[in-house]
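# Coordinate inspection notes
Here is what each chain is made of, one letter per residue.
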Amino acid sequence: MHLSLVCHLRQRLCLVAGGNHLAETRVHQLLQAGADILVCASELTPGLSALAEQQQIRWNQGRYHSGLLKGCWLVVATTSDQTLNNQISRETNSAQIFCEISQQQGSSAVLQTTATVLPPEMNIPSPGAGEVALVGAGPGDAGLLTLKALSCLQQADVVLADRLVSDDIWALICPATEYISVGKQCGRHSTTQQQINQLLISQAQSGKRVVRLKGGDPLIFGRGGEELEALAAAGIRFSVVPGITAASGCAAYAGIPLTHRDYADSLRLITGHTKHAASPPFLSGISPSQTTVFYMGLQQAGDIYQQLTAAGVSDQTPVAVIGKGTRREQKVSVGILHELQQLCKDAASPALIIVGEVVRLQHSLNWFSAGQNLI
């Protein structure tokens, strides 16, 4: 049994034993990850020789010996000598150093132990200069995080997070990372958007690697655009890591394909809250073959019902209300539009409302329910 690891290797010493083409491939991957690379080999490929001449790597000419392990965080053995590879494996295991044994067999490389390296996502350009990564946490299931999102979280000095971020995702963040809750909840005192913007700016100006962690995708009804505008105006360096938005994540886990050729030819995403009013925008142009998804619409269920029916949508149209989607506590309630208010009354927040004929498929395609969770 072999274990795949995600390793952050920026400025960490990595030893590559071997100077062949497989070693060259591994060296380029480690360079992308920002590692400090020492290659030990009697001879190097032309490519590795060029890297050594450019001082991008260090070359210890000669055969591997245990003294080279001092200070190493990862060792990659690419030699064709199985006896030597076994020695490296034993000695790294004894020294509690991660090791990857890579062997070239014909035209393919065989990995006995694998360590997957990621390029650094956040780099502080100079002392006193910080940056902000606007990161989408997805709808709740930690398994839906992107690798880039995970990389940012594990390198952050401080995380400013919304209340929608699940406990499973919090468990992936280093305990030493500073945490600032800036969550909003309807009807309760919360941090204003202006205060959040200022916090992001001040934390970055103090030289920190800041992650602004938002549920779902930060640029879909997440006010991420407003925060980026504030950062840009303040001259703060920033990046964006998209996340799986609630519409696609929650619908998939509920067994509802948002588009299906037999039921829907278009998809519409609507917020239940606008900046200047609590009610959703006027719903015009709704067609029977359209799937409509409402974010943050529980308390506006009455308005949504009235506007949909006023726009010509039948009150017999299938609807689904998904509470805590993609999480272990997920609850899916299915009915017809006439029952929307009652379905929302019984739903747990955060919740998503889906209106359209595709909801008819939920009964047969539901896979993420009690006793059926396959992942």
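Each chain carries its own residue numbering, running from 1 in the direction its sequence is written. Under the rules for a predicted model, residues below a pLDDT of 70 receive no local features and side-chain atom pairs below 80 are neither given nor counted, while totals for whole chains, interfaces and linings still include all residues. Hydrogens and water molecules were not included; the side-chain quantities draw on all heavy atoms of the structure.

As annotated in an unreviewed UniProt entry, the protein chain carries the name Uroporphyrinogen-III C-methyltransferase and is attributed to Tatumella punctata. The Sequence similarities (unreviewed entry) field of the UniProt record for the protein chain holds the comment "Belongs to the precorrin methyltransferase family." Here the protein chain is described in UniProt, under the heading Catalytic activity (unreviewed entry), as follows: "precorrin-2 + NAD(+) = sirohydrochlorin + NADH + 2 H(+)". UniProt positions are given in the numbering used here, feature names are shortened, and annotations may be inferred rather than shown by experiment.

Glancing now at the sheet that holds strand β10 (residues 158-161). Either a parallel or an antiparallel arrangement is found when strands of a sheet pair, and the pairing is made through backbone hydrogen bonds. Here five strands make up an open sheet; going across it, the order is β11-β10-β12-β9-β13 and the pairing parallel. The open sheet has two edge strands with one neighbour each: β11 (178-181) and β13 (237-241). Looking at each pair of strands side by side, their axes are set apart by 20 degrees on average, direction ignored. Both strand β9 (residues 131-136) and β13 contribute to a ladder of five bridges, which runs parallel. Note on β13: the bridge partner recorded for Leu 134 is Val 240. When checking whether two residues touch, look at their non-hydrogen atoms; a contact exists if any pair is within 4.5 Å. Angles run from 0 to 180 degrees between N-to-C directions of axes, and those axes are lines fitted to C-alpha atoms, restricted for helices to the stretch in contact. The helix count covers DSSP runs of H or I at least four residues long, the strand count covers runs of E at least two residues long, and both are numbered beginning at the N terminus. Docked against the sheet, helix α6 (residues 193-205) engages β9, β10, β11 and β12 (209-214), running at close to 155 degrees with respect to β12. At least two bridges found by DSSP between two strands is the condition for calling them paired.

Looking now at the pairing of strand β15 (residues 290-295). Strand residues, when the strand is regular, have side chains that alternate between the two faces of the sheet. Of all six residues making up β15, six are buried, and the element is well covered by its neighbours. What you see with β15 is no split at all: Gln 290, Thr 292 and Phe 294 on one side and Thr 291, Val 293 and Tyr 295 on the other are buried throughout. Sheet topology note: the strand β14 (residues 266-271)/β15 ladder contains six bridges and is parallel. In the sheet register, Leu 267 faces β15, and the bridge partner there is Thr 291. Classification of residues uses two cut-offs on accessible area relative to the type maximum, computed with a 1.4 Å probe and protein chains only: under 20% is buried, over 50% is exposed, and between them is partly exposed.

Note that Ala 41 resides in strand β3 (residues 36-41). Classification of Ala 41 by relative accessible area gives buried; the value is 7%. Those residues in contact with Ala 41 that sit more than four places away from it in its chain are Gly 18, Gly 19, Trp 59, Asn 60, Gln 61 and Gly 62.

The next point concerns the pattern of salt bridges. Note on definitions: salt bridges are taken to be side-chain nitrogens of Lys or Arg within 4 Å of carboxyl oxygens of Asp or Glu. A complete count under the given rule lists twelve salt bridges for this structure. Residue Arg 212 is joined to Asp 162 by a salt bridge in which the shortest nitrogen-to-oxygen separation is 3.0 Å. Pair noted here: Arg 212 is in strand β12 and Asp 162 is in the loop between β10 and α5 (167-170), with a separation of 50 residues, a long-range link. Note on accessibility: Arg 212 and Asp 162 belong to one class, buried. As a salt-bridge pair, Arg 328 and Asp 168 come within 3.0 Å of each other at their nearest N and O atoms. Residue Arg 328 is located in the loop between β16 (318-323) and β17 (331-336), and its partner Asp 168 is located in helix α5; the two are separated by 160 residues in the primary sequence. Where salt bridges share partners, they join Asp 162, Arg 212, Lys 214 and Glu 227 into one cluster.

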